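Commentary on secondary and tertiary structure
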Amino acid sequence: MRVTPCQAALAGAISLNLLLLFCAWRGPGRSPPSCRPPRGVPGVTVLLRDFEDFDNDLAGTARSFASLPVPVLVAAEAAPYPPVPLPAGVRLLPLRPVADRPPPLAHPELHVRTRHVALVPDGTRAVPRLLERMRDTLERGPGDTRLVAAPVGSVPLRCLELQLEPRVWTARYGTGAPGVCQAVEGTAVLLLRTRDLFALPFPLARPVPTAIFVQAVLRGWGLRVVPAAFPASRRPPVSPHNHWKAENLAESRQRRLMRDLGIKREVLADGRERWYGCGKETARCFGTVHARTPQYLLAGRWTPPCCLRALRETARHVVGALEAAGVRYWLEGGSLLGAARLGDIIPWDYDVDLGIYQEDVGKCRWLAAAAAGEPVEDAEGFLWEKAAEGDFYRVHYSRSNRLHVDLWPFYPRGGVMTKDTWLGHPQDVEFPESFLQPRVPMAFAGFTAMAPNNARAFLELKFGPGAIENPEYPNPDVKRLGQD
């Protein structure tokens, strides 16, 4: 059969593509390992990840473990600067993709060919057979054991309990019983199976211990601690400047990690709290709300705790300003429902609602300025303005952070409280003025606010029977509380 030039060209192109695919799969001798590296090679690979470019003992740590000998890899976004003279056989794995470099170089899992991997902190010194002891502890432990820790230095590790509450964006630490740990406090070498490490969404995020512990708890992994310790190197004191740099970098890494892991509040074992969400100088943690259903509700979460904290602060400030000016106000809608149920904001609410008498608007200079169409920032940084959606007012946590309290101006007409702007919410209805004669104090969000004199009847008028006992998300047609 005669082959035409076109057929020959087509066959050549197909052959070339097959050859390229084969080369990409196998890789030449000087290229990275195959994209399907074997996981059956016994042994432990040492992975050095937690270190600072400007002040480290990377060369000494690598040299110590390479002498065992075990494979030693250094994982970093880019080559350390100033350059570090790594010992022969120790490889640097750059994690940050580079435009002119083949993608496999950005995947460290392709370079770890042993069954186990040890995450070793900078400044650690090797001990013969200790990595193997950790490996044996892992393999002989209970079925849920996926992680083994060993201390570095003379200070023993402290066992911590770690409870994750994803719905409320919180990680809560407590003091664990000896040998019962979900996390440890102190410098530690962590050993786990290679396949487990690289099955994590954030296998080499820093700080490494926190990243590993949180992801392990989410998966129900067990943690064992061996008492035998790795020595720590003797290093000169860190200069004040380098200490300052290290602290700032540690803080930024912690914040980035908490953002990636969906944690906005840590409760430490001693009761202190660390916050990673929004503040006065930042935007709020969620975007524009559609169909009265914030995105976080669709993701199975409730209002971030930093947002609730900001709403409480804003509500307290607004109530104080209204009371000082003699403006008659009361808790409205979902805010009254939260006060009746919890004495607080409902955990999934995203604003606070207050009703006010329209005729009292001029008594408060901030409201009067907003009514004149002039957004005004008060002395404490809260922004008062007229809402774009209609004749009502908003007080924002700040210019940057648009968490807010809505102020709804009502006026009496024939004994019924009404207003000029209705947004079509089912609970947005007129009500008898008798609910406000008199108004009564009610605990709310850490302070006392004024409320209708029969909260149950008021809420059932707006939300229907059993509103207090059977709350729902703002728009049950989109997302119901019982679906979580």
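Residues numbered from 1 in each chain as written. Predicted model: local features only at pLDDT ≥ 70, side-chain atom pairs only at ≥ 80, totals over all residues. Heavy atoms only, no water.

A separate point is the domain arrangement of the protein chain. Annotation of the protein chain at the domain level lists domain 1 (41-225) and domain 2 (298-483). Each partner contributes to the interface: domain 1 provides five residues, whereas domain 2 provides six residues. When domain 1 packs against domain 2, close to 580 Å² is buried across both sides, 59% of that on carbon and sulfur atoms. One can count three residue pairs in polar contact (both at pLDDT 80 or more) joining domain 1 with domain 2. Among the residues forming the side of domain 1 that touches domain 2, the class breakdown is three nonpolar, one polar and one charged. (Domains from an automatic or database assignment. Contact = heavy atoms within 4.5 Å. Buried area = accessible area lost by both parts, 1.4 Å probe. Polar contact = N/O pair within 3.5 Å; in protein donor to acceptor, adjacent residues only side chain to side chain. Nonpolar A, V, L, I, M, F, W, Y, C, P; charged D, E, K, R; others polar.)

Ordered by their spatial adjacency, seven strands build an open sheet running 3-2-1-4-9-5-10, and the pairing between neighbours is mixed. Since the sheet does not close on itself, it has two edges, and those belong to strand 3 (91-94) and strand 10 (222-225), each with one partner. Here the average twist between neighbouring strands, direction ignored, is 25°. With four bridges joining them, strand 5 (residues 145-151) and strand 9 (residues 188-193) adopt antiparallel strand pairing. Across the sheet, the residue bridging to Pro151 is Ala188, located in strand 9. (Pairing = 2+ DSSP bridges. Helix = DSSP H or I, 4+ residues; strand = E, 2+ residues; numbered from the N terminus. Axes fitted to C-alpha atoms, helices over the stretch in contact; angles between N-to-C directions.)

In this structure, the largest pocket spans a volume of roughly 1400 Å³. Broken down by secondary-structure element, the contributors of at least two residues to the lining of the largest pocket are strand 4 (114-120), strand 6 (158-165), strand 8 (183-185), strand 9, helix 5 (208-218) and helix 6 (240-261). In terms of residue count, helix 6 provides more of the lining of the largest pocket than any other element does, six residues in total. Among the residues forming the lining of the largest pocket, the class breakdown is 24 nonpolar, eight polar and 15 charged. In this structure, the second largest pocket encloses a volume near 1000 Å³. Taken together, 43 residues form the lining of the second largest pocket, with Arg292, Tyr350, His425, Gln427 and Pro474 sitting closest to its centre. (1 Å grid on protein atoms, 1.4 Å probe; cavity = no way out; pocket = protein on both sides within 12 Å on 5 of 7 lines; lining within 4 Å. Points joined across faces, edges and corners; volume = space filled by probe spheres on them.)

The next thing to look at is the state of the cysteines. Scanning the entire structure with this criterion turns up one disulfide. There is a disulfide in this structure between Cys159 and Cys181, and the S-S distance comes to 1.8 Å. Here Cys159, found in strand 6, pairs with Cys181, found in the loop between strand 7 (170-175) and strand 8; they are 22 residues apart in sequence, far enough to count as distant. We note that Cys278 lacks a disulfide partner, and the nearest cysteine sulfur, in Cys285, lies 3.7 Å from it. The exposure class assigned to Cys278 is buried, which follows from its relative accessible area of 8%. (Disulfide = S-S within 2.5 Å. Buried < 20%, exposed > 50% of the residue type's maximum accessible area, 1.4 Å probe, protein only.)

Here the amide bond leading from Leu68 into Pro69 is cis, since omega sits at -5°, within 30 degrees of zero. Counting through the fold element by element, Pro69 comes out in the loop between helix 2 (58-66) and strand 2 (72-76). We note that Ala291 has phi near 55°; this positive angle belongs to a residue other than glycine. Turning to its location among the elements, Ala291 is positioned in the loop between strand 12 (273-275) and helix 7 (295-298). Here Ala291 falls in the partly exposed class, since its relative accessible area comes to 46%. Its identity is not glycine, yet Arg292 carries a phi of approximately 55°, on the positive side. With respect to the helices and strands, Arg292 occurs in the loop between strand 12 and helix 7.

With respect to topology, five strands assemble into an open sheet ordered 8-6-7-11-12, the strand pairing being mixed. Each edge of the open sheet is held by one strand with a lone partner, namely strand 8 and strand 12. Recorded for the sheet is a direction-independent mean angle of 25° between the axes of neighbouring strands. By the bridge criterion, six bridges tie strand 6 to strand 7 in an arrangement that is antiparallel. Residue pairing in the sheet places Glu165 in a bridge with Thr170 of strand 7.

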